[in-house]
Amino acid sequence: MASICQVDTLIIDVPTIRPHILAMATMHQQSIVIVRLRDSDGIEGIGEGTTIGGLSYGEESPESIKLAIDTYIAPLILNAGTVGVSALMRRVGKMVRGNHIAKCAVETALLDLAGKRLGVPVSELIGGGRVRESLPVAWTLASGDTARDIAEAEAMLDQRRHRIFKLKIGKRAVADDVAHVGAICRALGDRASVRVDVNQNWDEAQADRGMGMLFDVGVDLVEQPIARDALPAMARLSARHTIPLMADEALHGPRDAFAIAATAGARIFAVKIAQSGGLHAANDVARIAEAAGIGLYGGTMLEAGVGTAASAQLFATFPSLAWGTELFGPLLLTEELLAEPLAYADFELAVPTGPGIGVSLDEDKVARLRRDRTAPILHAVGGRA
Ligand SMILES: O=C(O)C[C@H]1C=CC(=O)O1
Ligand SMILES: [Mn+2]
């Protein structure tokens, strides 16, 4: 039986097409951790572990993801067989606590390799298999400027690329944020769904005020308005407001999902493969939501093409996906890292159909952009074409 004989990790830094302003950080670049596995037959599996804004979003950084894989996870999977991914990741879970993004990168690479060996997409190796070939995709408006955000949304509607918009708020006073959001809702009318993400930056009183005001201006949902561990307050807000609260940072896997569902803390879950600790864990999160009558949304850590393709493979297995996805990560970057870019058309992302996660890296780009490169640095001027 084939076994894993090589584990390699690297970090790639890629500028964003514009500053991406979140409540806790302004992103000018994204740092992508790639993991590559090779088995004894020479078959390769790739995975991605990516976070947002260094250490400002969560407890893992690009550097810690790489270190966790190199030092602690790689020795546990070297020489392991290339099938039985779920059982292998359970063993890893016993030896490595937390580090969900690192685990997700490794599990993705294992699933990619297994899918390639079996000649099937990863969507056939998880859940009940693929039930959809494309996924609705939201775009995040986060330039910090109302007129620029409206122009960006109009361009996306014209191109038929996105008609769901997520606005990043929580940095300014509640009334100022609501004025910004309300202007965008008025400009887009019923041509788009507008949602907001506060990234935990309100307290309960601000959230109470904000959620009422956002409902009045026509916002469809409010994502993680308060601290991720404030479950009783999330339950109170969910009970008090008609506008649905979506859990994001509060969801670090099935146990959190169960706790939120049991206390009615959210009406929608943003399911993220990285935050959940991998595709199988994220699938468990989705199953708990379904059993509890909680709506599903396919979230992102603003991954590049590899992590986005892996997420798409999982979300394509969800029988219901009422709130769509936000798998636009590669479109926020100035450089395409895939040999063949993901296909976005008619407001949807086509789920890759090839074996494994269905994508491969552009090796020249990787060599040129990797942080530890030895090749000369060539910077493109301006944004993405
Ligand atoms: O959901 C988050 O908090 C992170 C991310 C997803 C889209 C985006 O713009 O930021
Ligand atoms: Mn979020």
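Per an unreviewed UniProt entry, the protein carries the name Muconate/chloromuconate family cycloisomerase and comes from Sphingomonas naphthae. According to the UniProt record, the Cofactor (unreviewed entry) comment for the protein reads "Mn(2+)". Reading the Sequence similarities (unreviewed entry) entry of the UniProt record for the protein gives the comment "Belongs to the mandelate racemase/muconate lactonizing enzyme family."

**With respect to the side chain of Ser 123**
Following the sequence through the fold, Ser 123 ends up in the loop between helix H3 (100-118) and strand S4 (134-136). For Ser 123, a relative accessible area of 0% gives the class buried. In this structure Ser 123 touches Gly 129, Arg 130, Gln 313 and Thr 317, once residues within four positions along its chain are discounted.

**With respect to the UniProt feature "domain: Mandelate racemase/muconate lactonizing enzyme C-terminal" (unreviewed entry) in the protein**
With numbering aligned to this structure, UniProt lists the feature "domain: Mandelate racemase/muconate lactonizing enzyme C-terminal" (unreviewed entry) at residues 147-244. In the segment residues 147-244, helix accounts for 52% and strand for 12%; the C-alpha atoms at its two ends are 27 Å apart.

**Focus on the site of ligand 1**
Near ligand 1 you find 15 residues, and of these His 20, Thr 140, Lys 166, Lys 168 and Asn 199 are the closest. One of the side-chain nitrogen or oxygen atoms of Thr 140 is found 2.9 Å away from an oxygen atom of ligand 1. Separating an oxygen atom of ligand 1 from a side-chain N or O atom of Asp 197 is a distance of 3.0 Å. Taken together, the residues that form the shell around ligand 1 break down as four nonpolar, four polar and seven charged. Here the shell around ligand 1 spans two domains, since at least three of its residues come from each of domain 1 (4-119 + 361-372) and domain 2 (134-350).

**Here's the deal with the side chain of Asp 13**
Position of Asp 13 among the secondary structure elements: in strand S1 (residues 4-21). Looking at Asp 13, the relative accessible area reads 19%, which means it is buried. Among the polar contacts listed, one links the side chain of Asp 13 to the side chain of Arg 371, at a separation of 2.8 Å. Residues within four places of Asp 13 in sequence aside, it is in contact with Gln 29, Gln 30, Ser 31, Leu 369 and Arg 371.

Reading the values: rules and limits
- Residues numbered from 1 in each chain as written.
- Chains lettered and ligands numbered in written order.
- Predicted model: local features only at pLDDT ≥ 70, side-chain atom pairs only at ≥ 80, totals over all residues.
- Heavy atoms only, no water.
- UniProt positions renumbered as here; feature names shortened; annotations may be inferred.
- Helix = DSSP H or I, 4+ residues; strand = E, 2+ residues; numbered from the N terminus.
- Buried < 20%, exposed > 50% of the residue type's maximum accessible area, 1.4 Å probe, protein only.
- Contact = heavy atoms within 4.5 Å.
- Near = heavy atom within 4 Å.
- Polar contact = N/O pair within 3.5 Å; in protein donor to acceptor, adjacent residues only side chain to side chain.
- Nonpolar A, V, L, I, M, F, W, Y, C, P; charged D, E, K, R; others polar.
- Domains from an automatic or database assignment.

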